[in-house]
Amino acid sequence: MAALAPDRLRQEKRKSGGARELPALEYAEEGVVMRFAPNPSGPLHLGHARAAYLNDYYVRRYDGHYVIRIEDTDPRRVEQENYGLLLDDIDWLGLKVGEIVYQSDRMDIYYEHCRRLIELGGAYACMCDAAYFRDLKLEKRACPCRNQTIEENLGLWDRMLEGAFCEGMITVRVKTDLEHPDPAMRDFSIFRIVDTPLHPRIDTKVYPMYNFSVVVDDHLLGITHVIRGKDHIANTRRQRYIYDYFSWKPPVFKHYGRLSIGGVVLSTSAIKEGIVSGVYSGWDDIHLGTLKAIARRGFEPDAVRKAMIDIGIGETDITFSWENLFAQNKAVIDPRANRYFFVPDPVRLPVADAPVQTAEAALHPNEPERGVRRLLFEGSAVVPRREIEGKAMVRLKDLFNVNIAWKGEKPSLTYAGESLEEARNAHAPIIQWLPPRQARNCILKTPDGEVEGYCEEACAAECHRVVQFERVGFARIDAVAEDLVTAYFAHR
RNA sequence: GCUGCUAUAGUGUAGGGGCCAAUCAUGUCGGCCUUUCACGCCGACGACUGGGGUUCAAAUCCCCAUAGCAGCACCA
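Quick caveat: nothing in here was measured; it's all calculated off a predicted structure.

Procedures and definitions
Residues numbered from 1 in each chain as written. Chains lettered and ligands numbered in written order. Predicted model: local features only at pLDDT ≥ 70, side-chain atom pairs only at ≥ 80, totals over all residues. Heavy atoms only, no water. Near = heavy atom within 4 Å. Polar contact = N/O pair within 3.5 Å; in protein donor to acceptor, adjacent residues only side chain to side chain. Nonpolar A, V, L, I, M, F, W, Y, C, P; charged D, E, K, R; others polar. Core = buried A, V, L, I, M, F, W, Y, C linked by side-chain atoms within 4.5 Å. Buried < 20%, exposed > 50% of the residue type's maximum accessible area, 1.4 Å probe, protein only. Helix = DSSP H or I, 4+ residues; strand = E, 2+ residues; numbered from the N terminus. Domains from an automatic or database assignment. Contact = heavy atoms within 4.5 Å. Phe/Tyr/Trp six-rings, centres within 6.5 Å; stacked < 30°, edge-to-face > 60°. Buried area = accessible area lost by both parts, 1.4 Å probe. Salt bridge = Lys/Arg side-chain N within 4 Å of Asp/Glu carboxyl O. Pairing = 2+ DSSP bridges. Expected span 1.5 Å × (residues − 1). Arc of directions from axis to C-beta. Right-handed = clockwise from strand over helix to strand, strands pointing away. pLDDT = per-residue confidence, 0-100. Disulfide = S-S within 2.5 Å.

Caption draft 1: Just the protein's contact with RNA strand B, in detail. Arg77, Arg192, Met209, Asp398 and Arg471 are the nearest of the 60 residues found near RNA strand B. Considering the 4 Å shell around the protein, atoms of RNA strand B inside it are sugar or phosphate in 71% of instances. Contact distances for RNA strand B include 2.8 Å between a base oxygen and a side-chain N or O atom of arginine 339. The class makeup of the residues in the surface near RNA strand B is 16 nonpolar, 13 polar and 31 charged.

Caption draft 2: A look at the nonpolar core. Judged by nonpolar contacts, the single largest core of 44 residues is most densely connected at Phe36, Leu46 and Leu95. A per-element tally of this core places helix α2 (residues 46-61) first, with nine residues. In this structure, this core is formed jointly by two domains, domain 1 (25-107 + 212-258) and domain 3 (260-333), each of which donates at least three residues. Not counting chain neighbours up to four residues away, the residues in contact with leucine 46 comprise Leu259, Ile261, Leu266, Gly289, Leu291, Ile294, Val304, Met308 and Trp322. Val33, Ile190, Val206 and Ile223 belong to the second largest nonpolar core, which has 38 residues in total.

Caption draft 3: Focus on the packing of aromatic side chains. The final tally for this structure, using the stated rule, is 15 aromatic pairs. Arranged with centres 6.1 Å apart and planes meeting at 25 degrees, the rings of phenylalanine 299 and phenylalanine 326 form a pair that is stacked. In this pair, phenylalanine 299 sits in the loop between α10 (291-296) and α11 (301-311) while phenylalanine 326 sits in helix α12 (residues 322-333), placing the two residues 27 residues apart along the sequence. Among the residues examined, phenylalanine 299 registers a relative accessible area of 2% and is labelled buried. The class of phenylalanine 326 is partly exposed, set by a relative accessible area of 25%. Where phenylalanine 377 meets tryptophan 433, the ring centres are 6.4 Å apart and the plane angle is 75 degrees; that geometry is what we call edge-to-face. With a gap of 56 residues between them, phenylalanine 377 in strand β16 (residues 372-377) and tryptophan 433 in the loop between β21 (430-431) and β22 (439-446) connect regions that are remote in the sequence. Taken together, the ring pairs in this structure connect Tyr111, Trp157, Phe191 and Phe212 into an aromatic cluster.

Caption draft 4: Local environment of the domain arrangement of chain A. The assigned domain composition of chain A is domain 1 (25-107 + 212-258), domain 2 (115-208), domain 3 (260-333) and domain 4 (338-492). Averaged C-alpha coordinates put domain 3 and domain 4 at centres separated by 31 Å. Facing the 11 residues of domain 3 at the interface are 12 residues of domain 4. Buried surface at the junction of domain 3 and domain 4, both sides included, amounts to about 1,100 Å², of which 62% is carbon and sulfur. Summed over the three residues of domain 3 that lose the most area to domain 4, namely Ile286, Arg296 and Arg297, the buried surface amounts to 49% of that side. Linking domain 3 with domain 4 are one salt bridge. Arginine 296 is paired through a salt bridge with aspartate 478; the nearest N and O atoms lie 3.0 Å apart. At the surface where domain 3 touches domain 4, the tally comes to five residue pairs in polar contact (both at pLDDT 80 or more).

Caption draft 5: Structural context of the sheet that holds strand β14 (residues 346-352). Ordered in space as β17-β14-β20-β19-β18-β21, the six strands form an open sheet in which the pairing is mixed. Edge positions in the open sheet fall to β17 (380-384) and β21, since each of these has one partner strand only. Where β14 lies against strand β20 (residues 410-415), two bridges are found, and the strand directions are parallel. For valine 351, the partnering residue across the bridge sits in β20 and is leucine 413.

Caption draft 6: Layout of helix α6 (residues 150-162). An ideal rise of 1.5 Å per residue puts 18 Å on 13 residues; α6 measures up with 18 Å between its terminal C-alpha atoms. Within the sequence span of α6, burial applies to Asn153, Leu154, Leu156, Trp157 and Met160. The buried residues of α6 occupy an angular sector of 165 degrees when the element is viewed end-on, so they sit on one face. Turned more than 90 degrees away from the buried face of α6 sit Glu151 and Glu162, all of them exposed. Structurally, α6 contributes buried residues whose contacts are with α4 (107-119), β4 (123-126), β5 (171-174), β6 (189-193) and β7 (206-208). Backbone geometry just after α6 places glycine 163 at a positive phi near 95 degrees.

Caption draft 7: Region of the structure containing the pairing of strand β2 (residues 65-70). Across the six residues that make up β2, a large majority, five, are buried. The sheet contact formed by strand β1 (residues 33-36) and β2 spans four bridges and is parallel. Paired with phenylalanine 36 across the strands is isoleucine 68, a residue of β2. Crossover handedness for the path β1 to α2 to β2: right-handed. Relative to strand β3 (residues 99-102), β2 runs parallel, the two being bridged by four bridges. Bridged to arginine 69 within β3 is valine 101. Handedness of the crossover joining β2 and β3 through helix α3 (residues 80-93) is recorded here as right-handed.

Caption draft 8: How the structure looks around the environment of isoleucine 70. You can see isoleucine 70 is positioned in strand β2. Classification of isoleucine 70 as buried rests on a relative accessible area of 0%. A sequence separation of 376 residues divides isoleucine 70 from threonine 446, and the C-alpha atoms of the two residues are 34 Å apart. Once residues lying within four places of it in the same chain are set aside, the contact partners of isoleucine 70 are Pro38, Pro40, Tyr83, Leu86, Leu87, Ile100, Val101, Tyr102 and Gln103.

Caption draft 9: Structural detail: the confidence of the model for chain A. Summarising the model, chain A shows a mean pLDDT of 92, and 96% of its residues fall at 70 or more. Confidence over residues 1-18 falls short of pLDDT 50; this stretch has nine contacts with residues more than four positions distant or in other chains.

Caption draft 10: Structural context of the state of the cysteines. Counted by the stated rule, this structure contains zero disulfides. As a non-bridged cysteine, cysteine 442 has cysteine 455 as the owner of its nearest cysteine sulfur, 3.9 Å distant.

Given below as structure tokens:
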């Protein structure tokens, strides 16, 4: 038995798809309830995908419950249209969603718990100017409001709810420890007033701060484990004060490191600025790391999932490379994608002495039963200029060989027989080509620019699917118009 | 400035005192297969941030340095 152990361990670390097994969750046997908690300031990006999939992974592994919690307690960062975008993205990710809750539906719960916290002596209403308080805090000094009685604080709290104060006049703070060495821990704020704008879903001006609504929700929703970015490490420590006041048991927290991806901005606010200033065409601009953008480029959610699980929950900051995502996506897509010819940089040339004939090219080389594309050669072919440059012989794939004679810059093609052997012996490249009558204008959009050319007319039937342009790479057919096919390049 | 976290090949990971001249994936290079420079298969390349210490033994524990990151909002 002991001899079998190493093999078995290895098996546990490898899943069938090549995805690895993450470390076990502590206390998982007592049940697992986790959450993904985005805020509706814009659509999701790869950074969100990590949080969403990491939590999703453990929910599935332990057959737990998954709560999607929309954190919309800042009216300034909430826009009506973003709710829909968010839900679309969550749908695309394919999470095992148990329930969806909106914090804006739970305001009364937060109010009630704030009152309780004040009654417990754990919070006070503070009317100090924010900057003034900050200075006191840095000097570890209490502000005058800290000594108010519970009754005074409750009175102020009631007047807050009645609308007696304007924005900035008052806040509720948790009584923590002014001597705490980390200034971030000292008497942080848990409620504020926001006069404008109005919240699209509710009618109130008193809003809970992140650290309060999250604690109340995590407890009430029965969240057992939280996996979030390490930018929340300080929040976790702050939240413990609230758990302690209520005598609640906090969930198990895990924090993963910062994720960046080469050449992509992963900040919702930065993206938004870019769109407004015209740098990006929209949320799905292919230069962005939004889910909408990568979906448009032909990335599959399962590939993103595997890539994110592979990264894991390490606390180290990482620079994720597109190559890793390409590899995962290729594994998902290659078996599915039908093959077609795309001819960039096209030139139309007659082929002397060539017989009229129909080429049959497999839709997928590993699955002949899928059938073939039929390309009727009638005397001339569209070929990629760069592929014949300087060559004396090439083979048009699935058709025949051609000799190329060069008069200066001008090539002239002559039929050179059917023999694949000869082409091989001559080291002739086997290249893609198109019959002019079956060629459709095609524009291939890549992050580095656009490539114009022609693709097979049959690509029109693959709209919104990913295909492989042979010898070029994988691409998603994005739009098919009268005389133009638009495709987005994914990767080789 | 104060507080805290992290540090393994180009990238991402495994390993938490001896089994590590360090795992796996990706990448790159070479070969095989192949009417794609795809897929698949075989092989090669490539790393424990630096310096001290503890120990018979350190990638693994401790200290210092360096670097990166995060927080110190009436944002989430």
